[in-house]
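Coordinate inspection notes
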Amino acid sequence: MSDYNQRQIAYLALGGNLPSSIGTPSETLRAALAALQSGGLTVCAISPFYRTLCFPAGAGPDFVNACARVETNLSAADLLALLHEIEAQFGRERHARWAGRTLDLDLLGLGDQIFPDVTTVNDWITMPAAEQQSRTPRGLLLPHPRIQDRGFVLIPLRDVAPDWVHPISGKTVVQMCDELPESELAGIKPL
């Protein structure tokens, strides 16, 4: 893994709805946070854990979701590789897109970086959900192209980074939360 010797702030989403070898989804998220620190990240802030409805509806048990603000000197690609390693440690299997999982760690943003470019990320931001469900990005996208659409991400992200500005839309997390439809907020409850 690369070492840039420059600390950056990254925003991570954590979630799970299936038990792991550690235990319940909440226990798995707590263990994953410890694994992030063991992996060299400095965890600066952790949101409360939230119970959220499974997406898509009926696909499995409800999720436990949270967000963390971390400091890292890893590149975006190396940070994503670390997140995938930690997911694998907790039994994450990738059989189907948006399926139930023991642990999901998403890199939401790394400072104000856009990767690979504005056009590619915008293509994914504007892609219909049905098409997204059947396609997988060929590589890393920053910021995560669905942040602005997902209450289960924005609500906990607001707890740790209310003033973070989306590098493409120019909106803060609070502004994106305020624009969510009521249907996207239904069923998100603090644990």
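In this text the structure is predicted, and so the values were computed from the model without any measurement.

The next thing to look at is the packing of aromatic side chains. Applying the stated criterion across every chain, the model contains 1 aromatic pair. Consider the rings of Tyr11 and Trp164, whose centres lie 5.3 Å apart with planes at 45 degrees: the pair is tilted. Of this pair, Tyr11 sits in strand S1 (residues 8–16) while Trp164 is found in the loop between helix H5 (151–160) and helix H6 (173–178), placing the two residues 153 residues apart along the sequence. Grouping residues by exposure puts Tyr11 and Trp164 together as buried.

Attention now goes to the pairing of S1. Counting buried positions along S1 yields 8 of 9 residues, so the element is predominantly enclosed. Note: S1 against strand S4 (residues 63–72), 9 bridges, orientation antiparallel. In the sheet register, Tyr11 faces S4, and the bridge partner there is Arg69. With 6 bridges joining them, S1 and strand S5 (residues 104–110) adopt antiparallel strand pairing. Along S5, the bridge assignment pairs Tyr11 with Gly109.

Glancing now at the nonpolar core. Counting 28 residues, the largest nonpolar core has Leu41, Leu79, Ile86 and Leu107 as the members making the most contacts within it. Elements with a minimum of two residues in this core: S1, helix H1 (25–38), S4, helix H2 (76–89) and S5. Not counting the four nearest positions on each side in its chain, Ile86 is found in contact with Ala32, Ala35, Leu36, Leu103 and Leu105.

Rules used in this analysis
- Residues numbered from 1 in each chain as written.
- Predicted model: local features only at pLDDT ≥ 70, side-chain atom pairs only at ≥ 80, totals over all residues.
- Heavy atoms only, no water.
- Phe/Tyr/Trp six-rings, centres within 6.5 Å; stacked < 30°, edge-to-face > 60°.
- Helix = DSSP H or I, 4+ residues; strand = E, 2+ residues; numbered from the N terminus.
- Buried < 20%, exposed > 50% of the residue type's maximum accessible area, 1.4 Å probe, protein only.
- Pairing = 2+ DSSP bridges.
- Core = buried A, V, L, I, M, F, W, Y, C linked by side-chain atoms within 4.5 Å.
- Contact = heavy atoms within 4.5 Å.

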